[in-house]
Structure formats: C-alpha cells, structure tokens
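Structural characterization, general
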Amino acid sequence: KYFGEKIGLYFAWLGLYTSFLIPSSVIGVIVFLYGCATIEEDIPSKEMCDQQNAFTMCPLCDKSCDYWNLSSACGTAQASHLFDNPATVFFSIFMALWATMFLENWKRLQMRLGYFWDLTGIEEEEEHSRPEYEARVREKMRRESDKSLVRKLGTGGTADEILLSFHWECLRGWRLGCEKG
C-alpha cells in the first residue's frame, strides 16, 4: 500500500518472470553443453578445420584482398556450432511454449492479486501531459493559425474563406481579436 498498486504489480510481475526464467536457463545451459559435447562430430566444422584439404577461397574484396584459406575460419565455425546445433530447434519450440505459459500465468496472477488487493473497481488512470507542454503547443498552434489567416488576407482570399477561417479559430477557443462575451 505504501508505494501503490502499480509498483506492487510490477514486483509481482518481476517475481513471476524471474521464477519462470529458471527452467528456461537450465534448458539453455543443457543445449549449450550439448553443443560443446558434439563439436567434434559436427561435419561442417570438421571440413572447415581440416588442414589437409586446404580450400583456397576467392578474395573478399575486388582490389586489395588476397586469396585466403577456408581453415582460417575454423574457430568461427566451431563457435557457431555451440549456439546453432540440432538441440536449438528443441530449445526454440520450448521457448515459444514458455512465452505462452508465462503470459497466461501472468494474466492469472494479475487477476488473483487484483481480487486479493481489491483492485476490481480501480480503472487505469490516463496520464496527462505536462501543463507547460500543453501551453507551448497551444501557443504554437495559435501562431500558425495567425499566419494562415494573414496569408489568406494577403493573398486576396475570398470573403467566405476569410470569414470561415476567422469563425473556425474563434470556435477553437483561441483569441484572434474576438472576445467571448
């Protein structure tokens, strides 16, 4: 009650999120360790790291680059296997299900806390912009409307256009020489 309902709900969300991250982090570590264990059996990494088959690759740029050996990218290939191995497919499916379960559990917890904290009658408050900002915007719009009225007067706009624009500005509540009586 001291900090309010929004802060309480934020910490409830944070607690749920943290508890849901524990199983996903455990599965992520297992997938990473699987990649470490199977790095020697990865065929693309084996072929790239094989020094006997020295594949010469074309230059990476047109003018100043030399030919290079494919085996120089061995470390990159092995590192990519750590994070991109067959177990990552399982992990991506698990994370999709995890996200759905998290969202549904959060909805459930939010409703439960709303009932226990008696938040059923409270509506979301609309945040109002700062009064200084609103005054600045009104002033800018008034200046722009003054300029448009002067342009219409200066360009010889028809009397109907000038009168319509003058009445429109009065209706919008800005002062253009017309006082509310």
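Because the structure is predicted, anything quoted here is derived from the model rather than measured. (Residues numbered from 1 in each chain as written. Predicted model: local features only at pLDDT ≥ 70, side-chain atom pairs only at ≥ 80, totals over all residues. Heavy atoms only, no water.)

Let us look at the UniProt feature "transmembrane region" (unreviewed entry) in the protein chain. When the UniProt feature table is mapped onto this chain, "transmembrane region" (unreviewed entry) is found at residues 7–34 and 87–103. Overall, residues 87–103 shows 100% helix and 0% strand. The separation of its end C-alpha atoms is 24 Å. (UniProt positions renumbered as here; feature names shortened; annotations may be inferred. Helix = DSSP H or I, 4+ residues; strand = E, 2+ residues; numbered from the N terminus.)

With that out of the way, let us pick up the state of the cysteines. Applying the stated criterion across every chain, the model contains two disulfides. Linked covalently through their sulfurs, C49 and C74 form a disulfide whose S-S length is 1.8 Å. Judged by the sign of its S-S torsion, about 100 degrees, the cystine formed by C49 and C74 is right-handed. Of the two residues, C49 sits in helix α2 (residues 43–49) while C74 sits in helix α3 (residues 74–83), which places them 25 residues apart along the sequence. Residue classification places C74 among the buried positions, given a relative accessible area of 15%. (Disulfide = S-S within 2.5 Å. Buried < 20%, exposed > 50% of the residue type's maximum accessible area, 1.4 Å probe, protein only.)

Next up on the list: the packing of helix α1 (residues 5–37) against α3. The geometry of α1 relative to α3 is characterised by a closest axis approach of 7 Å and an angle of 145 degrees between their N-to-C directions. Contacts between α1 and α3 involve F32, G35 and C36 on the former and, on the latter, H81, L82 and F83. Of the residues in the contact of α1 with α3, the class split is four nonpolar, two polar and no charged. (Axes fitted to C-alpha atoms, helices over the stretch in contact; angles between N-to-C directions. Contact = heavy atoms within 4.5 Å. Nonpolar A, V, L, I, M, F, W, Y, C, P; charged D, E, K, R; others polar.)

In this section: the environment of F83. Following the sequence through the fold, F83 ends up in helix α3. Here F83 falls in the exposed class, since its relative accessible area comes to 61%. If near-sequence neighbours (up to four positions away) are discounted, F83 is found in contact with F32 and T88.

What follows covers the pattern of salt bridges. Taken as a whole, this structure holds two salt bridges when the rule is applied. A salt bridge links E104 to K107, with the shortest nitrogen-to-oxygen separation between them at 3.4 Å. Taken together, the residues span about one helical turn, with E104 and K107 both in helix α4 (residues 87–116) at a distance of three residues. Here R142 makes a salt bridge to E139, at a shortest N to O gap of 2.6 Å. Residue R142 and its partner E139 are located together in helix α5 (residues 131–154), separated by three residues, close to a single helical turn. Among the residues examined, E139 registers a relative accessible area of 31% and is labelled partly exposed. (Salt bridge = Lys/Arg side-chain N within 4 Å of Asp/Glu carboxyl O.)

A word on the nonpolar core. L9, A12, L16, F20, W98, F102, W106, L109, L113 and L119 together form the largest nonpolar core, which totals ten residues. A per-element tally of this core places α4 first, with five residues. Ignoring anything within four residues of it in the chain, the contact list for L109 reads A12 and L16. (Core = buried A, V, L, I, M, F, W, Y, C linked by side-chain atoms within 4.5 Å.)

The next point concerns the packing of aromatic side chains. Taken as a whole and judged by the stated rule, the model has twelve aromatic pairs. Relative to F11, the ring of Y10 lies with its centre 5.2 Å away and its plane at 75 degrees, an arrangement referred to as edge-to-face. The class of Y10 is partly exposed, set by a relative accessible area of 44%. Assessed through its relative accessible area of 53%, F11 is described here as exposed. Ring geometry for W13 versus Y17: centroids 5.0 Å apart, planes at 10 degrees, classification stacked. With W13 and Y17 both in helix α1 and four residues apart, the pair spans about one turn of that helix. We classify W13 as partly exposed; its relative accessible area is 28%. Residue Y17 is classed as partly exposed on the basis of its relative accessible area of 29%. One aromatic cluster is present, formed by W13, Y17, F20, W98 and F102 through successive ring pairs. (Phe/Tyr/Trp six-rings, centres within 6.5 Å; stacked < 30°, edge-to-face > 60°.)

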